[in-house]
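In case you want the letters, here they are:
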Number of protein chains: 2
Amino acid sequence: MPPRAARLGDIRPFHVMRLLERARELEASGRNIVHLEIGEPDFATPQPIVAAGRQALEDGRVHYTPARGLATLRQAVSGYYRERYGVDVDPNRILITPGASGALQLALAALVDPGMGVMLSDPGYPCNRNLVRLVEGVVRAVPVGAADGYQLTPELAAAHWRADTAALLVATPANPSGTLLSRAALAELAELCRNRGAALIVDEIYQGLTYDAEDITALAFGEDIFVINSFSKFFGMTGWRLGWLVVPADYAADLDVLAQNLFLAAGTLSQHAALAAFSPETRAILEQRRETFRQRRDFLLPALRELGFDIPVTPEGAFYLYANCRALTGNSFEFSQRLLEEAGVALTPGIDFGDHRAGEHVRFAYTTSLEALEEGVERLRRFLCGQA
Amino acid sequence: MPPRAARLGDIRPFHVMRLLERARELEASGRNIVHLEIGEPDFATPQPIVAAGRQALEDGRVHYTPARGLATLRQAVSGYYRERYGVDVDPNRILITPGASGALQLALAALVDPGMGVMLSDPGYPCNRNLVRLVEGVVRAVPVGAADGYQLTPELAAAHWRADTAALLVATPANPSGTLLSRAALAELAELCRNRGAALIVDEIYQGLTYDAEDITALAFGEDIFVINSFSKFFGMTGWRLGWLVVPADYAADLDVLAQNLFLAAGTLSQHAALAAFSPETRAILEQRRETFRQRRDFLLPALRELGFDIPVTPEGAFYLYANCRALTGNSFEFSQRLLEEAGVALTPGIDFGDHRAGEHVRFAYTTSLEALEEGVERLRRFLCGQA
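Residues numbered from 1 in each chain as written. Chains lettered and ligands numbered in written order. Predicted model: local features only at pLDDT ≥ 70, side-chain atom pairs only at ≥ 80, totals over all residues. Heavy atoms only, no water.

It is worth spelling out the relation of the copies chain A and chain B at this point. After a rotation of 180 degrees and a shift along the axis of 0.0 Å, chain A superposes on chain B with an RMSD of 0.0 Å. Expressed as a symmetry operation, the mapping of one chain copy onto the other fits a two-fold axis. (Least-squares fit on C-alpha atoms with pLDDT ≥ 70 in both.)

On the chain B side, the residues contacting the 72 residues of chain A number 72 residues. Summed over both partners, the interface of chain A with chain B buries about 5900 Å², with 59% contributed by carbon and sulfur atoms. At the junction of chain A with chain B, the criterion picks out 40 residue pairs in polar contact (both at pLDDT 80 or more). Elements with a contribution of two residues or more to the side of chain A that touches chain B: α1 (6-10), α3 (47-58), α5 (99-111), α6 (126-134), α9 (252-263) and α10 (268-274) of chain A. No other element matches the seven residues that α9 of chain A contributes to the side of chain A that touches chain B. Here the residues of the side of chain A that touches chain B are counted per class, giving 43 nonpolar, 14 polar and 15 charged. (Contact = heavy atoms within 4.5 Å. Buried area = accessible area lost by both parts, 1.4 Å probe. Polar contact = N/O pair within 3.5 Å; in protein donor to acceptor, adjacent residues only side chain to side chain. Helix = DSSP H or I, 4+ residues; strand = E, 2+ residues; numbered from the N terminus. Nonpolar A, V, L, I, M, F, W, Y, C, P; charged D, E, K, R; others polar.)

Let's shift gears to the pairing of strand β6 (residues 199-203) of chain A. All names here are of chain A. Extensive coverage of β6 is indicated by the burial of five of its five residues. With five bridges connecting them, strand β5 (residues 165-171) and β6 associate as parallel partners. Counted as the bridge partner of Ala167 is Ala199 from β6. Handedness of the crossover joining β5 and β6 through helix α8 (residues 183-196) is recorded here as right-handed. Sheet topology places β6 next to strand β7 (residues 226-230); three bridges connect them, and they run parallel. Residue pairing across strands places Asp203 opposite Ile228, the latter belonging to β7. (Buried < 20%, exposed > 50% of the residue type's maximum accessible area, 1.4 Å probe, protein only. Pairing = 2+ DSSP bridges. Right-handed = clockwise from strand over helix to strand, strands pointing away.)

Turning to the side chain of Asn229 of chain B, a few remarks are in order. All names here are of chain B. When you line up the elements, Asn229 lands in strand β7 (residues 226-230). A distance of 3.0 Å separates the side chain of Asn229 from the side chain of Gln207, its partner in a polar contact. In contact with Asn229, other than residues within four places in its own chain, are Tyr81, Ala100, Glu204, Ile205, Gln207, Gly243 and Trp244.

Turning our attention to the pattern of salt bridges. Residue and element names in this part refer to chain A. One pass over the full model with this rule turns up 56 salt bridges over all chains. The closest approach of N and O atoms between Asp212 and Arg297, which form a salt bridge, is 2.7 Å. With a gap of 85 residues between them, Asp212 in the loop between β6 and β7 and Arg297 in helix α11 (residues 280-307) connect regions that are remote in the sequence. For Asp212, a relative accessible area of 58% corresponds to the exposed category. When its relative accessible area of 2% is taken as the criterion, Arg297 is described as buried. For Arg290, the salt bridge goes to Glu287, with nearest N and O atoms at 2.8 Å. On the criterion of helical spacing, the pair formed by Arg290 and Glu287 is a turn pair, its members being three residues apart in helix α11. With relative accessibility at 31%, the residue Glu287 sits in the partly exposed group. Residues participating in the shared-partner salt-bridge network are Asp212, Glu291, Arg294, Arg297 and Asp298. (Salt bridge = Lys/Arg side-chain N within 4 Å of Asp/Glu carboxyl O.)

With that out of the way, let us pick up the packing of aromatic side chains. Residues and elements named next belong to chain A. Summed over all chains, the structure comprises 46 aromatic pairs over all chains. Note on Tyr322 and Phe353: the rings are 6.2 Å apart at their centroids and 90 degrees apart in plane angle, and the pair reads as edge-to-face. Within this pair, whereas Tyr322 is found in strand β9 (residues 320-324), its partner Phe353 is found in the loop between β11 (348-349) and β12 (361-365), the two being separated by 31 residues in sequence. Grouping residues by exposure puts Tyr322 and Phe353 together as buried. (Phe/Tyr/Trp six-rings, centres within 6.5 Å; stacked < 30°, edge-to-face > 60°.)

In short, the description is geometric, and any link to function would need to be established separately.
Here it is as structure tokens:
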């Protein structure tokens, strides 16, 4: 066998995939499983988007688009920023990508030389660390907790700054915590990076999914910020694999060339379908769904707290609750396995999001119906009673 | 502005993109342009594939698939290898990817440590060089010409071998030359890599598009070979962005994890649509199209030779002719620009495929109708007469 590159050994698998596989086995054998581990909305793609996709298919839109995406779609994204967020973003600064994965990969490839550091939060979305490793960057994970709202705050970033810091990567709303960065925090992070000659990359893939909190964009705080976004979560287009990247104007031409090399272009049908994502009809559907997510959160959060899960910061976005389960178990990974086998409830163990107090945490995703959430909570209650 | 990573400056743009942009400008101003530069079939996606895509849309297949792709599609690809090529390939060795770009990126990330060499041919497909650069590998371009059939032969590979060679990347049929590697050459290349502890990566994205020559796969020559393929060219699914990668069994699990990180999964609709790519109905359409490509080649090749283009090796695959134009011009890039402006014919200059005698070559793509090819040849004839 040909020898493997060193990076291959450094890419950590997602433990939840094994749990998911086991859950599917149990289901195949007749068991009912409540899925609270899935990072994907349970809703179908909104009908106007599906209809636009069908129309594109009928019109024979099956050839390549330009590497940075359809001009009409980049204009539509720009219009969305203006209308919803009051921010002017030149369409030339927008690249349409195959999912947010493609967007983050472009940004990291453009910014991170081998051996340079990328500061990010622990816990955080696991692919981020792995994509930094792929460009031979060095992950500088900063432990965050309840005191910081589970976010890489300006204070933490300044305190952990190193000479080799090339970029800061933050997410708002964040996975796994569902917490947000405030306007003030984003402005300060942008200023910090600007002053120290590093890049600020903001992952906004859960943008739009906020509850009780203001829905904002980091693009309001400077034209030198890299923003990653996606049609997957808020717009309900996961399997269409479509996202976008906003870059400083100076980077647009080079990233167009990089995109040509990395993926040629995002899918053509997906792009045509996404043109319907910003219509009033779609927006009304998405607002309804946001309300549904809010109801689920408003049920699940107090129910879990009552069961003994510690969720000290109220999550105001995305569809996740990151819960400290120290009062219930000494090992959240083993706890997740037992919950699946014995109670038929699937969760994501903290270990998938980093190392910092990972064994004390689990993530709940409310990407299933209120009825399923109620059943899940009831199963948890019985499991914990039996255990006590 | 945050500083750029060094690699960004090393990624070369495709010159043909500027020519294409200029061609669009000319068209917008009313000029008619014959496009002989486009590396994409002019045919629509075959109707059975479109119908399967439409059905998947109606069935609401819009959520993520597993990272390595639908099990049914991996089985279908395996069945295709067995039936058409007589080679057994375990579906577990097959990963479905977002285009061949995703497949090549996976393979290079898995095999090439920073500073290690990847040997490939000059001329060759330009993204290959850039993707090697992206993983911090070193491109070892081997000049090839008519004597080698424009291919990195076993003899050339052995002669250019270096201590740091981690992988050999060959393509059959090749872009830009349209030439093939024989069974014997593939077997020898596999043996060479095996003996020297390097990986053989074979780009087969034009597989199926061969004329007068045997249609083969490198997978017949060992289970340690990495093969890249695509639904874009032969199957007519460019804008669907779907390809696949075959890996040695030992690599399958790690590459599944890498795929999760790099792109989560290929597009869901595209995968469901592609299930119809291997049906007898689709295959009949594809065979007709292959015959059409052959007719175009059989017209264009002698016509260009008659005009003074030197094409010493008859291209037996893909849809390209790589022509030496030294008898007609001293600078193929300037020649391409003048041809576009003065004759309304768009070609790809040799410089897009490497450095070796690039200024003496242009690439013709026969991805347009026989009528357009005839018109293109007539315009070339008039242009060359006027020039003489």
